[in-house]
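Take a look at the letters that make up each chain.
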Amino acid sequence: MRKTLLILSILSCINLASQEKNISISGKVMDKKTNTPLEFATITFLSTTNTTLITGAITNDKGAYTVKTIPGNYTIKIEFIGLKFKALENMDLQNDQTIEIVYMEEDAKLLETVEVRTEKTIIEHKLDKKVFFVGNDMITKGGTANDILNNVPSVSVNSGGAVALRGNTGVRILINGKPSVLTSNNGLEQIPSESIEKIEVITNPSSQYASEGTAGIINIVLKKNKTNGFGSSVQLTGGIPANHGIGYNINYKNKKINLFSDLRYRYMDFFARGSSLRTNYSGDTINSYLASTINRARNNKTFNIYFGGDYYFNDKNTVTLSYYHRNNLSQNTVDYTFNYLNNTSNLDRKVIASEDYKEPQRSNQVELNYIKTFNKEGKKFTVNMQYDFWNDDENELITEQEKLPVELPIRTLKSRDIESSKDFILKADHTIPIKTKSKIDMGLQTEIRNINSEYEVFDNTVLVDSLNNLLRYNEQIIGAYLQFGSQIKKLQYLLGLRVEDSKTGSNDRIDQFNIQKKYINFFPTAHFTYKVAEAFDLQLSYSRRISRPQFWQLNPFGGIADRRNLRIGNPNLNPMYTDSYELGTLFKWKKISINPGIYYQYSTNIFEDIRISGDNGFLVEQAINAGTESRMGAEINIIYSPLKWLTLSGEANYYTFDQKGIFNVSDNALTSRLNTRIKFSSWNFQANFNYQGARKSGQVDAKEQYWLDLGIGKDIWKEKATITFRADNIFDSRISKGAVIGTDYTLDYYSKNVGPRIYATFTYRFNRKKNESERRPE
């Protein structure tokens, strides 16, 4: 009875809130000097009777804002960093209306005085995604896209570069809304953090997005030039261990054209060490041990060049042509020691080995994009053609020698794997407004991909026939979607359906396998948002998603660096499917913003790695379809600004899961992050603490991890230049350790990158100020 009364009370409150009359107030903010829209200007509505904050907004990339509030008398404040604030006093607002354009100008006195202010990352809650504007985080200065992602709520990147969303690695990474060569071959490590404007986290994507990614989508949106005239910037980075880089960006824009280019070179060193202890069993009895150590030194040299241009036929038709090239050279030197022990832990045998690895990579992307807008507001048509092609040449040389009980001659293993890919994407989207609050979105997408992997292995200069092959993989995906969105009073909704026809094929030169697969899938989506009050939204969503096997999971050849722990691909691996449900809310009150949510995911054909002990005692790892997984979780994100110069933020994600099939595992996990950001005049300070709790999956039982990152920066020369200092993993505490449990063995492992990373970055802007951005790839 009490539960029933509680539910009725809540529904009554919601019903009363929905009966309040709301009016819509719109406007636009412009820079008076450049006559360009001001993005991220803060709009605040204050009561004229007691100056209480009623509501507010942030301007979009067109300088526009829309605020919904109740009729009344208001003072409207417009603020933007470095410019004079504006106040529109005694505004009697009783009906929907558009406020006149507000022009902002520089305040010379403001720029000369010591000012206390805060520059915090902005979080925007949309119908089908959360948008995290990067802002001016010191933690990411001089870093990469991976550093940015490690600061985004719900997202984590491990030391190997694997990205996870809510602890799930089945996530799709997009660049400006499209698959990109920039994300292949650990390419996120090569994208400088200064290139990124915002990160869109889409846990339940609408049908407009391709269905790939069972955990959801992370869309990295890169910066664009928005200022007329000439502009450029140069950036220098230096660090310990080596993290040296130089970048130069230049652009020119007028009413008809926007020309842009970006050149960057980076040199980085990484050092890591690790150990493992394998315990071998006969039944319940230990019969032997294998203790190993590993010391790794890795070096990356990367050169990026990007150039292109926009041509504006008129204010409604734009064409963009661009070209991107990345040349990366990765080199590894690894030393191994293997100690074979008997069941009493006495040494029976000792083997040492070393690996020299070299992998040159060349990636290219050509893109042609057409955008057409119409007189009817919101109507839009876009066509995008993209051609990606890349190749890499993996070369391994392993020398191995048995030292005990007797010293044997040195044995060599040499391998080469030449991989190449060609990927063509054609995409068209059309948005048609029906009424003021309704629209239809529709579109088509075709993706054709071909990958070759030709490998060979020599054992003491003798070709190994079983490891001399050519794998061919082709993939064709044709998709179409239709979705309808509208609003009924305080309820917004978006309903969609996507259909995808997929064809994949794998075959090899020596006819070991010839696998052809064809399947048609339907992917429904639904999103609902109910505005309970001006600062309180409820969101409910559903989507069906797919994760197709990645090429490295299919490729039978996985390298020979550590023959005692081999990895092979599985050409028979099938796609994984997930049904995802989510309920969340966003509550804003004065200086605090709270975004809690709960979610449930049910997956079939889940990917897991199985490790089997071979006849020679070596472990062989392979991806398999392991069964089903149900996952239920809750997360919360909080931002609190108690003082003008201080911003505190935190997040926590807790989930439980139950795997059934080949592995029957039930467990829970917790991840959390705390961030402190301080701003005094031209000085910035930031601290970021990360925690990843212990977790299980398949055969793996991983222990907890935690680490602290620090950053400090200062603007100089009237914001023409910025210098920052960073220290990642300051206490050298980010350690990966855990256990792998097999049927006749256990493997305890430990690995870590050696020491913290410390580096400094200097940025100088020619004909630009700090908040003016460059043009980047779209």
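Residues numbered from 1 in each chain as written. Predicted model: local features only at pLDDT ≥ 70, side-chain atom pairs only at ≥ 80, totals over all residues. Heavy atoms only, no water.

## So, the overall build of the protein chain
A count of helical and extended segments in the protein chain gives four helices and 46 strands. Looking at the 778 residues of the protein chain, the share that counts as buried comes to 50%. Within the protein chain, residue pairs in contact and separated by at least 24 positions form 65% of the contacts whose partners lie at least 6 positions apart. A total accessible area of about 36200 Å² is found for the protein chain, and carbon and sulfur atoms account for 58% of it. (Helix = DSSP H or I, 4+ residues; strand = E, 2+ residues; numbered from the N terminus. Buried < 20%, exposed > 50% of the residue type's maximum accessible area, 1.4 Å probe, protein only. Contact = heavy atoms within 4.5 Å. Areas by Shrake-Rupley, 256 points an atom, 1.4 Å probe, with all protein chains shown as cover.)

## Regarding the sheet that holds strand S34 (residues 607-613)
Read across the sheet, three strands follow the order S31-S35-S34 without closing on themselves; strand pairing throughout is mixed. Each edge of the sheet is formed by a strand with only one pairing partner; in this case those strands are strand S31 (565-567) and S34. This sheet shows a mean twist of 30° between the axes of neighbouring strands, independent of strand direction. Pairing between S34 and strand S35 (residues 619-625): seven bridges, direction antiparallel. Bridging across to S35, Asp609 finds its partner in Ala623. (Pairing = 2+ DSSP bridges. Axes fitted to C-alpha atoms, helices over the stretch in contact; angles between N-to-C directions.)

## Details of the nonpolar core
For soluble globular proteins, nonpolar side chains are generally found buried alongside one another. Counting 28 residues, the largest nonpolar core has Val163, Ile199 and Ile220 as its most contacted members. If you list the elements that add at least two residues to this core, you get helix H3 (145-149), strand S12 (155-157), strand S13 (163-165), strand S14 (171-175), strand S15 (196-202) and strand S16 (216-222). Once residues within four sequence positions are removed from consideration, Ile199 is found in contact with Lys130, Val131, Phe132, Ile148, Leu149, Val152, Ile218, Asn219 and Ile220. If you look at the next biggest cluster of nonpolar residues, it comprises 21 residues, including Leu554, Met576, Ile606 and Ala669. (Core = buried A, V, L, I, M, F, W, Y, C linked by side-chain atoms within 4.5 Å.)

## Some thoughts on the packing of aromatic side chains
Under the criterion given, the structure shown has 16 aromatic pairs. Each ring, one from Tyr311 and one from Phe313, has its centre 4.8 Å from the other, and the planes form 85°; the classification is edge-to-face. Given a relative accessible area of 36%, Tyr311 falls into the partly exposed group. An angle of 65° between the planes, with centres 6.0 Å apart, marks the rings of Trp717 and Tyr764 as edge-to-face. (Phe/Tyr/Trp six-rings, centres within 6.5 Å; stacked < 30°, edge-to-face > 60°.)

## Looking at the pattern of salt bridges
In total, this model carries 27 salt bridges according to the counting rule given. Residue Arg166 pairs with Glu635 through a salt bridge whose shortest N-O separation is 2.8 Å. In this pair, Arg166 is assigned in the loop between S13 and S14 and Glu635 in strand S36 (residues 627-643), connecting sequence segments 469 residues apart. Side by side, Arg166 and Glu635 carry an identical accessibility label, which is buried. The residue Glu621 makes a salt bridge to Arg567 at a minimum N-O spacing of 2.6 Å. On the criterion of sequence distance, the pair formed by Glu621 in strand S35 and Arg567 in strand S31 is long-range, its members being 54 residues apart. Using a relative accessible area of 18% as the deciding quantity, one classes Glu621 as buried. (Salt bridge = Lys/Arg side-chain N within 4 Å of Asp/Glu carboxyl O.)

## Considerations on a nonpolar patch on the surface
Together, Leu321, Val366, Leu368, Met385, Tyr387, Phe424, Leu426 and Ile448 line one region of the surface with nonpolar side chains, adding up to about 600 Å² of accessible area. Only strand S22 (347-373), strand S23 (380-404) and strand S24 (411-435) provide two or more residues apiece to the nonpolar patch. Summarising the element assignment, Tyr387 is placed in strand S23. (Patch = residues over 30% accessible without salt bridge, like charges linked within 9 Å, V, L, I, M, F, W, Y side chains within 5 Å.)

## Here we look at the side chain of Asp667
Structurally, Asp667 is set in strand S38 (residues 665-680). Of the side chains bearing the opposite charge, Lys696 lies closest to the buried Asp667, which forms no salt bridge; the N-O distance is 5.2 Å. Among the polar contacts listed, one links the side chain of Asp667 to the backbone nitrogen of Lys696, at a separation of 3.2 Å. With residues up to four places along the chain from it excluded, the contact list for Asp667 reads Tyr655, Thr656, Phe657, Arg695 and Lys696. (Lys, Arg positive; Asp, Glu negative; His and termini not counted. Polar contact = N/O pair within 3.5 Å; in protein donor to acceptor, adjacent residues only side chain to side chain.)

## Re the confidence of the model for the protein chain
Counting all residues, the mean pLDDT for the protein chain is 85, and 89% of those residues have values of 70 or more. Low pLDDT (under 50) marks residues 1-19, which in the prediction has six contacts with non-local residues, meaning those over four places away or in another chain. Here residues 108-121 scores under 50 on pLDDT; set against residues more than four positions off or in separate chains, the count is 37 contacts. (pLDDT = per-residue confidence, 0-100.)

## A word on unusual backbone geometry
With an omega of -10°, the peptide bond running from Ile240 to Pro241 counts as cis. Looking at where Pro241 falls in the secondary structure, it is placed in the loop between strand S17 (229-240) and strand S18 (243-253). Note that the residue after Leu404, namely Pro405, is joined by a cis bond; omega there is 5°. Secondary-structure assignment places Pro405 in the loop between S23 and S24. A positive phi angle, close to 55°, is found at Asn605, a residue other than glycine. Secondary-structure assignment places Asn605 in the loop between strand S33 (592-604) and S34. Positive phi values are uncommon outside glycine, yet Trp717 reaches one of about 55°.

## A look at the pairing of strand S30 (residues 536-547)
Two elements, strand S29 (residues 514-533) and S30, share eight bridges in a ladder whose sense is antiparallel. Bridge assignment links Tyr530 to a residue of S30, and that residue is Leu538. Across 12 bridges, S30 lies against strand S32 (residues 576-589) in antiparallel orientation. Bridge pairing in S32 links Leu540 to Leu583.

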